[in-house]
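Below are the chains, spelled out letter by letter.
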Amino acid sequence: MAFITGVGALMAASTPLRPACVGRSSFAPSPLKAPARPARTQRPLMREAPVTPPAATADPPEPVVPTPAAAAAATAAASAGAAIPHSSAAPSGDPPLSGRTPRTNIRIAIPSKGGMSAATTSLLRDVGMDVQMLNPRQYVASLRNAPGVEVWLQRPPDIVRKVRDGDVDLGFVGYDLVSEHGGGDGQVVIAHEDLGYGGCRLSIGVPMAWAHVSSVAELAAVVNAPGAAALRVATKFPVRTREFFQAAGMVNYEVVKMDGALEASTQMGTADVIVDLVSSGVTLRENLLKEIDGGTLVTSAFQMVGNRASLAATGAPADALRSLCRELLERIDAHLMGKEQCNVIANIRGSSMNDVARRLGAQTDLCGMDGPTINSVVPPRGTETGMYAIGLVVPKDSVYRAIKQLRSVGGSGVCVLPVTYVFEQESKRWNALLQELGSGVVE
Ligand SMILES: Nc1ncnc2c1ncn2[C@@H]1O[C@H](COP(=O)(O)OP(=O)(O)OP(=O)(O)O)[C@@H](O)[C@H]1O
Ligand SMILES: O=P(O)(O)OC[C@H]1O[C@H](OP(=O)(O)OP(=O)(O)O)[C@H](O)[C@@H]1O
């Protein structure tokens, strides 16, 4: 075990600088004249050895703890005589996945707490598949419209590990974690690459006081300066960090693995730079850190991912899993597309349906998805003629422009309604997933 020591000052003006080491010439001191990092006191931390060759891309295996639901599932599996497989090919470094409890119940994992948990349950509610919890302290729930499906509430990194290992079949998680914990062997398949929330980036954060470091090239010059102490990089993402630093030609650095509040570590003096998630940039800024040019490792959004072996297996449980996966994808896409659209209905006078169609067609925003729907309006006393009702789907962004165009061609009584879902004739995303799973896989 190595030791990190050091006590950093908390004030802005005293943000610790990397000490100018003997022989370092490429790193000019900051104009703030902050003191160099003081001599370290003995303060043991979880830390890793100075940079080494490319890391194994997999996390260490996790012990399998059977749960009551798993035991119930095992009983069901035994009586059904079939099971959803665990990964057939374990990521390099992991032992073979033998001895796990067989099961037939489909399992989904979603984040157990925080903003991403709320966003995921809200998405599932919006698509008509609400997460139904009997008790807020339990970690397993059910899914509306999907009897028998288990929804497990898990910490986000564990969602990826459990999908990778086949302990759950589908997971809702950020791409940042998929790329860190996915194992890199294709066992985690991305079914939906952007669910529309959880947008963030994994970026290097450097102390603002490092005025002469504003790009990765400048950071590399600092890191590789002869005689410099190893740069301490605090992160929850050691795999991606090592890969990025190595590709950028940085040699003299060490990864300090931390689990949260990383932005504090430079001011505490426990790291020199960080690699962490950034969204608005406020947390970095409030902790006197800055991003640098070229310093984004991963751009992320929340995704739906699945276990390749489970999705590609044969037999009734796998068929049911594929059917659920397809339904989720179709409902999610229909919802995401509907969210962007609105339904405009209006009345318009004209000499004939074709006359109305011609006038609408001349306006760029009045063509609908496949053309407007036009119907005759029958007035109450049947005396008036030449009135038509039109209906069209318009992107929300252009609804006001569409209303002005409608008025310009005689439209009146315009109503704008929300669109709940837009189902296409077939799901391109599902077709793409089938292709990804390989030939012969069908629903
Ligand atoms: N500021 C952010 N804006 C948008 N999405 C984010 C943001 N921070 C994190 N995420 C996304 O949410 C996921 C979970 O975030 P986070 O690590 O904060 O969860 P957590 O529940 O606090 O995790 P832990 O249990 O490790 O503390 C991240 O992997 C990322 O995909
Ligand atoms: O750029 P910003 O919009 O400020 O967001 C960035 C912060 O969001 C995440 O933390 P989160 O709040 O999820 O808590 P955590 O530190 O426990 O991960 C991330 O780890 C950053 O700290």
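The name recorded for the protein in an unreviewed UniProt entry is ATP phosphoribosyltransferase, from Porphyra umbilicalis. Looking at the protein in UniProt, the text filed under Catalytic activity (unreviewed entry) is "1-(5-phospho-beta-D-ribosyl)-ATP + diphosphate = 5-phospho-alpha-D-ribose 1-diphosphate + ATP". The Pathway (unreviewed entry) field of the UniProt record for the protein holds the comment "Amino-acid biosynthesis; L-histidine biosynthesis; L-histidine from 5-phospho-alpha-D-ribose 1-diphosphate: step 1/9."

Across the sheet, 4 strands lie side by side as E15-E16-E14-E17; this open sheet has antiparallel pairing. Of all strands in the sheet, those with a lone pairing partner are strand E15 (373-376) and strand E17 (411-418), marking the two edges. Put simply, the sheet's adjacent strands are angled 20 degrees from each other on average, direction ignored. Where helix H11 (residues 353-361) meets the sheet, it contacts strand E14 (341-349), E15 and strand E16 (387-395), and its direction lies at approximately 150 degrees from that of E15. Each of E14, E16 and E17 is contacted by helix H12 (residues 399-408), which is oriented at about 160 degrees to E17, the strand it contacts most.

Bringing the site of ligand 2 into the picture now. The immediate surroundings of ligand 2 are formed by Lys236, Ala261, Glu263, Asp276, Leu277, Val278, Ser279, Ser280, Gly281, Val282 and Thr283. Between ligand 2 and Lys236 there is a distance of 3.3 Å, counted from an oxygen atom to a side-chain nitrogen or oxygen. The contact in question runs from an oxygen atom of ligand 2 to an N or O atom on the side chain of Asp276, over 3.4 Å. Computed on the free molecule, ligand 2 has an accessible area of 500 Å², of which 57% lies beneath the protein chains in the complex. Where the shell around ligand 2 is concerned, the elements lending two or more residues are strand E10 (273-278) and helix H8 (282-286). Looking at the shell around ligand 2 element by element, the count peaks at 3 residues for E10. The class makeup of the residues in the shell around ligand 2 is 4 nonpolar, 4 polar and 3 charged.

On to the sheet that holds strand E2 (residues 131-132), then. Two strands in a sheet stick together by hydrogen bonds in their backbones, pointing the same way (parallel) or opposite ways (antiparallel). Ordered by their spatial adjacency, 7 strands build an open sheet running E2-E3-E4-E1-E5-E13-E6, and the pairing between neighbours is mixed. In this open sheet, the two strands that pair with only one neighbour each are E2 and strand E6 (188-192). The pairing of E2 with strand E3 (residues 140-143) spans 2 bridges and is classified as antiparallel. What sits directly across from Gln132, in E3, is Ser142. Against the sheet, helix H2 (residues 114-126) contacts strand E1 (107-111), E2, E3, strand E5 (170-174) and strand E13 (302-307), and its axis sits at roughly 130 degrees relative to E1. Here helix H3 (residues 156-165) sits on the sheet and contacts E1, strand E4 (150-154), E5, E6 and E13; the angle it forms with E5, its principal contact strand, is near 140 degrees.

Next up on the list: the UniProt feature "domain: ATP phosphoribosyltransferase catalytic" (unreviewed entry) in the protein. Using the residue numbers shown here, the UniProt feature "domain: ATP phosphoribosyltransferase catalytic" (unreviewed entry) corresponds to residues 155-331. The span residues 155-331 is 37% helix and 27% strand, and its two end C-alpha atoms sit 25 Å from each other.

Ligand 1 sits among 14 residues. The nearest are Met116, Arg155, Asp176, Leu177 and Lys236. Side-chain polar atom of Asp176 to an oxygen atom of ligand 1: 2.6 Å apart, as the coordinates give it. Contact with the protein chains removes 72% of the 620 Å² of surface that ligand 1 exposes when unbound. Tallied by class, residues from the shell around ligand 1 come to 6 nonpolar, 4 polar and 4 charged.

By size, the foremost hydrophobic cluster in this structure holds 35 residues, and its most contacted members are Ile108, Leu143, Leu170, Phe172, Met304 and Leu324. Looking at this core, the element that brings in the most residues is helix H10 (residues 316-339), giving 7 residues. If we skip the residues at most four places from it in the chain, Ile108 touches Leu143, Val149, Glu150, Val151, Trp152, Leu170, Phe172, Leu324 and Leu328. Grouped together as the second largest cluster of nonpolar side chains are 33 residues, Val163, Trp210, Ala220 and Val233 included.

What counts and what doesn't
Residues numbered from 1 in each chain as written. Chains lettered and ligands numbered in written order. Predicted model: local features only at pLDDT ≥ 70, side-chain atom pairs only at ≥ 80, totals over all residues. Heavy atoms only, no water. UniProt positions renumbered as here; feature names shortened; annotations may be inferred. Pairing = 2+ DSSP bridges. Helix = DSSP H or I, 4+ residues; strand = E, 2+ residues; numbered from the N terminus. Axes fitted to C-alpha atoms, helices over the stretch in contact; angles between N-to-C directions. Contact = heavy atoms within 4.5 Å. Near = heavy atom within 4 Å. Polar contact = N/O pair within 3.5 Å; in protein donor to acceptor, adjacent residues only side chain to side chain. Areas by Shrake-Rupley, 256 points an atom, 1.4 Å probe, with all protein chains shown as cover. Nonpolar A, V, L, I, M, F, W, Y, C, P; charged D, E, K, R; others polar. Core = buried A, V, L, I, M, F, W, Y, C linked by side-chain atoms within 4.5 Å. Buried < 20%, exposed > 50% of the residue type's maximum accessible area, 1.4 Å probe, protein only.

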